[in-house]
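Close look at the chain arrangement
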Amino acid sequence: MSEPRYKRILLKLSGEALMGDDPFGINRGTIERIVDEISSIMSLGVEVGVVIGGGNIFRGVALGASGMDRATADYMGMLATIMNALALQDVMRQKGLNARVQSALNVEPVVEPYIRGKAIRYLEEGKVVVFAAGTGNPFFTTDTAAALRGREIEAQVVLKATKVDGVYTADPKRVPDAKRYDSVTFDEAIQKYLGVMDTTALALCRDQRLPIIVFSILKPGALKRIVLGEQEGTLVHN
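The numbers attached to residues start from 1 for each chain and follow its sequence in the written order. Given that this is a predicted model, residues contribute local features only at a pLDDT of at least 70 and side-chain atom pairs are listed and counted only at 80 or more, while totals for whole chains, interfaces and linings are drawn from all residues. The side-chain quantities take in all heavy atoms of the structure and omit both hydrogens and water.

Observations regarding unusual backbone geometry
In terms of backbone geometry, most residues other than glycine have negative phi values and most peptide bonds are trans. What counts is decided by this rule: Only DSSP runs of H or I with at least four residues qualify as helices, and only runs of E with at least two residues qualify as strands; both kinds are numbered from the N terminus onward.
The residue Ala133 is not glycine, and still its phi comes out positive at about 70 degrees. The residue Ala133 is located in the loop between strand 5 (128-132) and helix 5 (142-152) in this model. With a phi close to 50 degrees, Tyr193 is a non-glycine residue in the positive phi region. As for its placement among the helices and strands, Tyr193 is situated in the loop between helix 6 (186-191) and helix 7 (199-207).

Structure below.
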């Protein structure tokens, strides 16, 4: 068996990645396939932290939230990520993975609070740690939470799982001849507004020299190929 290139990773999952082809919510088949992908790298001895978004749930209430105070809307989004984290943990347990959810918001009857030392210990014990509620603060995205948690747990790379197989010169859905980058620098991604992550997340990863790989979670085996050091998606680096 090939030796993995990365020993510890931070996987950023958008809430939309859990929808599958549904308009919102959690698609059971999709979340099971994602867990299978995670399981495939756990079997290589890779330690996995996950930051999850909440767009799949919040999208369903977005019309009602129109005109809402931004901080209130952000807290609603954080609660949505906790729901997603619990769903992900449940499927992981059913598939034989030991998972823990840690939340940046204090909801101890439901999930434990985020404690950096405990999270690292869980990872060393071979458990998946799912980080919910973003950074716990409004006005910061789950992309920024991924950069922050990735650095805190000393991950070697942030893997951003999307529905697109990398970073393009333009939106490939709107511009058919858009070109995909094999690699791009943080500064270029920021200056060209390539939509990799928000600027705060990119700047944090750049300053901490934490590379990002953007790839399609819908492509079977892509996560494992990245972990083994094969070319997949787009590398964002210093």
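Thoughts on the environment of Val196
Convention followed: Residue exposure (1.4 Å probe, protein chains only): buried if accessible area is under 20% of the type maximum, exposed if over 50%, otherwise partly exposed. The contact criterion used is simple: two residues touch if any of their non-hydrogen atoms lie within 4.5 Å.
Relative to the elements of secondary structure, Val196 occurs in the loop between helix 6 and helix 7. Since its relative accessible area comes to 3%, Val196 is described here as buried. When the C-alpha positions of Val196 and Val214 are compared, they lie 7.4 Å apart, and in sequence the two are 18 residues distant. If we skip the residues at most four places from it in the chain, Val196 touches Asp143, Lys160, Val167, Ala189, Leu202, Val214 and Val236.

Thoughts on the layout of surface pockets
Here is the rule: Only protein atoms enter the 1 Å grid used here, on which a cavity is any set of points holding a 1.4 Å probe that cannot leave and a pocket is any open set flanked by protein within 12 Å on both sides along at least five of seven lines; residues with an atom within 4 Å of a point are listed as lining. Grid points are joined across faces, edges and corners, and a volume is the space filled by probe spheres set on the points. Classification convention: Asp, Glu, Lys, Arg as charged; Ala, Val, Leu, Ile, Met, Phe, Trp, Tyr, Cys, Pro as nonpolar; all other residues, Gly among them, as polar.
Approximately 910 Å³ is the volume attributed to the largest pocket. Lys12, Ser14, Glu16, Asp143 and Lys160 are, among the 40 residues lining the largest pocket, the residues nearest its centre. For the lining of the largest pocket, the secondary-structure elements that each account for two or more residues are helix 2 (55-58), helix 3 (70-94), helix 5, strand 6 (157-162) and strand 7 (167-168). A per-element tally of the lining of the largest pocket places helix 3 first, with 6 residues. Looking at side-chain class alone, the lining of the largest pocket contains 15 nonpolar, 16 polar and 9 charged residues. Approximately 220 Å³ is the volume attributed to the second largest pocket. Gly20, Asp21, Asn27, Thr30, Arg33, Ile34, Glu37, Lys163, Ile217, Leu218 and Pro220 are the residues that line the second largest pocket.

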